[in-house]
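# Descriptive analysis of the structure
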Amino acid sequence: MEALAKIVAKATEAAVDPADAKNQAAAASAGYAYGLAAIGPGIGIGYLVGKAVEAMARQPEAAGMVRTTMFLGIAFTEALALIGFVVFILLKFA
Amino acid sequence: MNAPANPLTTRFDGPAPEAQVTRHMLKRGSVAIPVLVAVAGFIWGADGALGCLYGMALVFVNFALAAGLISLTARISLALMMGAVLFGYLLRLGIIFLAVILVRDASWVSLPALGFTIIATHLGLLFWELRHVSATLAFPGLKPEPNPQSKTMSDKRMRKRKRTGRES
């Protein structure tokens, strides 16, 4: 019984090595940062393009104007994802 | 009130305003390359300058791909355009991710400089371009450029507006 307790204690020590735990936490945080940062813009771009397509179908003569606004909107929304991505690469690799 | 057209069959064969805006943006961005590279080189050294160049190339490819996908698919159908934009978003994020993963251990690139450049160039070019976008029924893309040779009143007014930066 005592031997078993020793083995369990050693395994627990190995599992909670502070350096490993820190690396694991950093990797998980970086993954969450990128994942969460990509979800919001994804929803935003979907909504934006859906509304733009609706507007173009309803008023085809204004399609050029809507497309310009849509393109700029997409690019601005995507900037949020890029910020999340840069935070990810700085947390993970820098 | 007009009934909405079917997005599956509606298509636009005319000029693509997003391609025009992107070409203009890339032209202006290429003017800003030396300035940004010099700033990055001053802060992070030669690695920073190379990282900055790489980041700018990534942003340019990202804009060109976005505009190209929209222009190409709008000629086929609106529904396809919507799909292309959504999957294009994933594709472009994937391309940027792969491009950064490929150089993450390279000795010639500074990751902070690369990250800073991606954000600064993307947002900087967009805000810069907002000054030149018209988005009206007559000019759906960029604002019309005044003709320097013309003596007509409208061109004179346009030149004055451009000089003072005031919209009437």
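Definitions and limits used
Residues numbered from 1 in each chain as written. Chains lettered and ligands numbered in written order. Predicted model: local features only at pLDDT ≥ 70, side-chain atom pairs only at ≥ 80, totals over all residues. Heavy atoms only, no water. UniProt positions renumbered as here; feature names shortened; annotations may be inferred. Helix = DSSP H or I, 4+ residues; strand = E, 2+ residues; numbered from the N terminus. Rg over C-alpha atoms; globule rule 2.2 N^0.38 Å. Buried < 20%, exposed > 50% of the residue type's maximum accessible area, 1.4 Å probe, protein only. Contact = heavy atoms within 4.5 Å. Phe/Tyr/Trp six-rings, centres within 6.5 Å; stacked < 30°, edge-to-face > 60°. Core = buried A, V, L, I, M, F, W, Y, C linked by side-chain atoms within 4.5 Å. Axes fitted to C-alpha atoms, helices over the stretch in contact; angles between N-to-C directions. Parallel < 35°, antiparallel > 145°, perpendicular 65-115°, else oblique. Nonpolar A, V, L, I, M, F, W, Y, C, P; charged D, E, K, R; others polar.

- As annotated in an unreviewed UniProt entry, chain A carries the name ATP synthase subunit c and is attributed to uncultured bacterium CBNPD1 BAC clone 2089.
- Recorded under Subcellular location (unreviewed entry), the UniProt text for chain A is reproduced unchanged: "Cell membrane".
- Its UniProt record gives chain A a comment under Sequence similarities (unreviewed entry), which states: "Belongs to the ATPase C chain family."

### A few points about the overall build of chain A
- Per the secondary structure count, chain A includes 3 helices and 0 strands.
- Beginning at the N terminus, the succession of helices and strands in chain A can be written as α-α-α.
- Taking 2.2 N^0.38 as the reference for a compact globule, 94 residues should give roughly 12 Å; the C-alpha atoms of chain A span a radius of gyration of 24 Å, well beyond that estimate.
- Overall, the C-alpha framework of chain A stretches about 85 × 30 × 10 Å when taken along its three principal axes.
- Counting the 94 residues in chain A, one finds 36% classified as buried.
- Considering only intrachain contacts with a sequence separation of at least 6, the fraction spanning at least 24 residues in chain A is 71%.

### Thoughts on the packing of aromatic side chains
- Tallied over the entire structure, the rule returns 9 aromatic pairs over all chains.
- Through successive ring pairs, a cluster of aromatic residues spans A:Tyr34, A:Phe85, A:Phe88 and B:Phe97.

### With respect to the side chain of B:Glu18
- Mapped onto the elements, B:Glu18 comes out in helix 1 (residues 17-74).
- Given a relative accessible area of 0%, B:Glu18 falls into the buried group.
- Residues contacting B:Glu18, with those up to four places away along its chain left out, are A:Arg67, A:Phe71, B:Ala67, B:Ile70 and B:Ser71.

### Some thoughts on the nonpolar core
- One finds A:Met56, A:Met70, A:Phe71, B:Phe63, B:Met81 and B:Val100 to be the most contacted residues of the largest nonpolar core, which totals 56 residues.
- Looking at this core, the elements with two or more residues in it are helix 2 (18-58) and helix 3 (63-92) of chain A together with helix 1, helix 2 (78-103) and helix 3 (111-130) of chain B.
- Top contributing element to this core by residue count: helix 1 of chain B, with 16 residues.
- Excluding anything up to four places from it in sequence, B:Met81 contacts A:Val53, A:Met56, A:Met70, B:Ile70, B:Thr73 and B:Ala74.

### Comments concerning the UniProt feature "transmembrane region" (unreviewed entry) in chain A
- UniProt feature "transmembrane region" (unreviewed entry): in the numbering of this structure it lies at residues 32-50 and 71-91 of chain A.
- Helix makes up 100% of residues 32-50 of chain A and strand makes up 0%, while its end C-alpha atoms are separated by 27 Å.

### Description of the packing of helix 2 of chain A against helix 3 of chain A
All names here are of chain A.
- The N-to-C vectors of helix 2 and helix 3 enclose an angle of 175°; their axes lie 8 Å apart at closest approach. For the element pair helix 2 / helix 3, the angle class is roughly antiparallel.
- Split into classes, the residues belonging to the contact of helix 2 with helix 3 amount to 22 nonpolar, 5 polar and 2 charged.

### Comments concerning the UniProt feature "domain: V-ATPase proteolipid subunit C-like" (unreviewed entry) in chain A
- Per the UniProt record, the feature "domain: V-ATPase proteolipid subunit C-like" (unreviewed entry) sits at residues 30-91 of chain A.
- Along residues 30-91 of chain A, the helical share is 94% and the strand share 0%, with 6 Å between the first and last C-alpha atoms.

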